[in-house]
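One-letter residues, chain by chain:
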Amino acid sequence: MRRPLIAANWKMHLGRAEEALALVRRLRPALSALDSVDVAICPPFTVLASLAEVLRNSPIGLGAQTMHWAESGAHTGDVSPAMLAGLCDYAILGHSERRASAGPGASDEAINRKVLAAVEHGLTPIVCVGESAAQREAGETHGFVSRQVAAALQGVDPAAARRIVLAYEPIWAIGSGRAATPAEANRTIGITVRGAVADSLGEGAAELTRILYGGSVDADNITDFMHMPDIDGALVGGASLSPDFADLAKAAAAACDPNR
Ligand code: 13P
């Protein structure tokens, strides 16, 4: 049984304390009342500490959008897992926007080191994978995404499967208003992503690993994604930046099959 997760990725938005706090104070009552899904908010680093304060004693999780793997060191601008461990619960790792911009700091090898470091520090990594439009058109989705998953999970203890989240985010669907169809997302998540987790960690672990869909998810399409048997929630960008995110999360909770 996998408990669904609806995670908000605010990206580089709402990074001033007053705007972040205003939105979270509005979302908190509705999000706290949902008992069939986990909910998490991943804001910019600048407001993590303020939101940690407001969300203390609430069931709403908090996450970072990236992190370094090292404990500390000469890494200007980076934030370590040890720094995050006391502050938040999740860390998004390997988002395609960072893979595209962060060079060697977002290589498959670096992402693997970050995954291992996150688990070691009690943080839940949300590991993003997904193909580009060109890869999809060339029929490379399965091979490419499988390799991303295998690389990210190298050396991970299968016993940690419950504490690892993957997010399948096809790059062409991010911010485009053109989500994958639920059936297509379910097929890639089930066959490619969960299949690669099974190859890395074993079938039992793959059954326990939560795998989200991300890419133009909104309050209107979330229900159809949640009805898919292999999709365990969503990583939401644009639709998580307003009070309407509560409607999206409520729709997700209502759509959950309690026997999944
Ligand atoms: P959108 O929901 O804005 O398409 O962004 C998806 C995403 O990248 C979440 O990490």
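This is a predicted model, so every value here is computed, not measured. (Residues numbered from 1 in each chain as written. Predicted model: local features only at pLDDT ≥ 70, side-chain atom pairs only at ≥ 80, totals over all residues. Heavy atoms only, no water.)

Draft legend 1. Seen up close, the site of the ligand. Taken together, 13 residues lie around the ligand, and Lys11, His95, Gly175, Ser216 and Gly238 are the ones closest in. Side-chain polar atom of His95 to an oxygen atom of the ligand: 2.8 Å apart, as the coordinates give it. The separation between an oxygen atom of the ligand and a polar main-chain atom of Gly175 is 2.6 Å. Contact with the protein chains removes 95% of the 300 Å² of surface that the ligand exposes when unbound. Applying the majority rule of atoms within 2 Å of the grid points places the ligand in the largest pocket. Residues belonging to the shell around the ligand are distributed by class as follows: four nonpolar, seven polar and two charged. (Near = heavy atom within 4 Å. Polar contact = N/O pair within 3.5 Å; in protein donor to acceptor, adjacent residues only side chain to side chain. Areas by Shrake-Rupley, 256 points an atom, 1.4 Å probe, with all protein chains shown as cover. 1 Å grid on protein atoms, 1.4 Å probe; cavity = no way out; pocket = protein on both sides within 12 Å on 5 of 7 lines; lining within 4 Å. Sits in = over half its atoms within 2 Å of the grid points. Nonpolar A, V, L, I, M, F, W, Y, C, P; charged D, E, K, R; others polar.)

Draft legend 2. Fine view of the layout of surface pockets. Taken as a whole, the largest pocket spans an internal volume of roughly 210 Å³. The wall of the largest pocket is formed by 18 residues, among which Gly175, Ser216, Val217, Gly237 and Gly238 lie closest to the centre. Here the lining of the largest pocket is built from residues that sort into five nonpolar, nine polar and four charged. The volume enclosed by the second largest pocket comes to roughly 180 Å³. Lys11, Gln65, Thr66, Glu97 and Arg98 are, among the 13 residues lining the second largest pocket, the residues nearest its centre. Considering every element that reaches the lining of the second largest pocket, the biggest residue donor is helix α4 (residues 96-101), with three residues. When grouped by side-chain class, the residues that make up the lining of the second largest pocket number five nonpolar, five polar and three charged. (Points joined across faces, edges and corners; volume = space filled by probe spheres on them. Helix = DSSP H or I, 4+ residues; strand = E, 2+ residues; numbered from the N terminus.)

Draft legend 3. Fine view of helix α11 (residues 245-255). Across the 11 residues that make up α11, a large majority, eight, are buried. Along α11, the positions that sit buried rather than exposed are Phe245, Ala246, Leu248, Ala249, Ala251, Ala252, Ala253 and Ala255. The elements touched by buried residues of α11 are β1 (5-9), α1 (17-32), β2 (38-42), α10 (222-226) and β8 (233-236). (Buried < 20%, exposed > 50% of the residue type's maximum accessible area, 1.4 Å probe, protein only. Contact = heavy atoms within 4.5 Å.)

Draft legend 4. Looking closely at the packing of helix α5 (residues 108-120) against helix α7 (residues 141-152). Across the interface, α5 lies against α7 with an axial gap of 8 Å and an inter-helix angle of 45°. Here α7 runs oblique to α5, going by the angle between their axes. Touching Asp108, Ile111, Asn112 and Val115 of α5 are Gln148, Ala151 and Ala152, all from α7. (Axes fitted to C-alpha atoms, helices over the stretch in contact; angles between N-to-C directions. Parallel < 35°, antiparallel > 145°, perpendicular 65-115°, else oblique.)

Draft legend 5. Structural detail: empty space enclosed by the protein. Per the stated rule, a full pass over the model turns up one cavity of 30 Å³ or more. If you add up the space inside the largest cavity, you get close to 40 Å³. Partitioning the lining of the largest cavity into residue classes produces two nonpolar, four polar and two charged.

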